[in-house]
Amino acid sequence: MDGIVLLKEDHKTVEKLFKQFEKAGDSDHAEKRALADKVIEELTTHTWIEESVFYPAAREADPDTKDHVLESIEEHHVVLAAKKNAPGEPLAVPSA
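Residues numbered from 1 in each chain as written. Predicted model: local features only at pLDDT ≥ 70, side-chain atom pairs only at ≥ 80, totals over all residues. Heavy atoms only, no water.

1. What to know about the packing of aromatic side chains
- Taken as a whole, this structure holds zero aromatic pairs when the rule is applied.
- Between the NZ or CZ atom of lysine 32 and the centre of the ring of phenylalanine 21, over which it lies, the distance is 5.0 Å. (Phe/Tyr/Trp six-rings, centres within 6.5 Å; stacked < 30°, edge-to-face > 60°. Lys NZ or Arg CZ within 6 Å of the ring centre and 35° of its normal.)

This is the structure we're talking about:
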């Protein structure tokens, strides 16, 4: 299976998880926590695929994508740093 297929499958999985989260009741904290943990797991895998497979291939195929690729990697690192600094807390990413 190639990286593009994996990324598309990850998008579908995360979309389904977000829909499940939205449908969970306001007081169903345990379900929402479990879904949030699963989203984090899926997005971590997604990030790894992008950074290990997709971005290197994009840079090689079209050097003009370099700035976009670097920006995307930086966004991943900001999210990971924010989550690492406040485990268990809602993710708050500063706006640009």
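2. Some details on helix H2 (residues 29-61)
- In this model, H2 (33 residues) spans 45 Å end to end at C-alpha, consistent with the 48 Å of a helix rising 1.5 Å per residue.
- Turning to H2, its buried residues number three or more, namely Lys32, Leu35, Val39, Glu42, His46, Thr47, Ile49, Glu50, Tyr55 and Ala58. (Helix = DSSP H or I, 4+ residues; strand = E, 2+ residues; numbered from the N terminus. Expected span 1.5 Å × (residues − 1). Buried < 20%, exposed > 50% of the residue type's maximum accessible area, 1.4 Å probe, protein only.)

3. What to know about the pattern of salt bridges
- For the structure on display, the rule yields three salt bridges.
- The salt bridge involving lysine 38 is made with glutamate 41; its shortest N-O contact spans 3.4 Å. On the criterion of helical spacing, the pair formed by lysine 38 and glutamate 41 is a turn pair, its members being three residues apart in helix H2.
- When its relative accessible area of 45% is taken as the criterion, glutamate 41 is described as partly exposed.
- Residue classification places lysine 38 among the partly exposed residues on the basis of a relative accessible area of 32%.
- Put simply, Lys38, Glu41 and Glu42 are held in one network by salt bridges that share partners. (Salt bridge = Lys/Arg side-chain N within 4 Å of Asp/Glu carboxyl O.)

4. Some remarks on a negative patch on the surface
- On the surface, a cluster of negative charge is made up of Asp62, Asp64, Asp67, Glu71, Glu74 and Glu75.
- Tracing the chain through its elements places aspartate 62 in the loop between H2 and helix H3 (66-85). (Patch = residues over 30% accessible without salt bridge, like charges linked within 9 Å, V, L, I, M, F, W, Y side chains within 5 Å. Areas by Shrake-Rupley, 256 points an atom, 1.4 Å probe, with all protein chains shown as cover. Lys, Arg positive; Asp, Glu negative; His and termini not counted. Charge placed at Lys NZ, Arg CZ, Asp CG, Glu CD.)

5. Quick notes on the environment of valine 39
- Mapped onto the secondary structure, valine 39 falls in helix H2.
- With a relative accessible area of 8%, valine 39 lands in the buried category.
- As for valine 39 and lysine 16, which are separated by 23 residues in sequence, their C-alpha atoms are 9.7 Å apart.
- Those residues in contact with valine 39 that lie beyond four places of it in its chain are Leu17 and Phe18. (Contact = heavy atoms within 4.5 Å.)

6. Description of a positive patch on the surface
- A cluster of basic side chains, namely Lys8, Lys12, Lys16, Lys19 and Lys23, defines a positive patch on the protein surface.
- Looking at the secondary structure, you find lysine 16 in helix H1 (residues 3-23).
- Among the residues examined, lysine 16 registers a relative accessible area of 56% and is labelled exposed.

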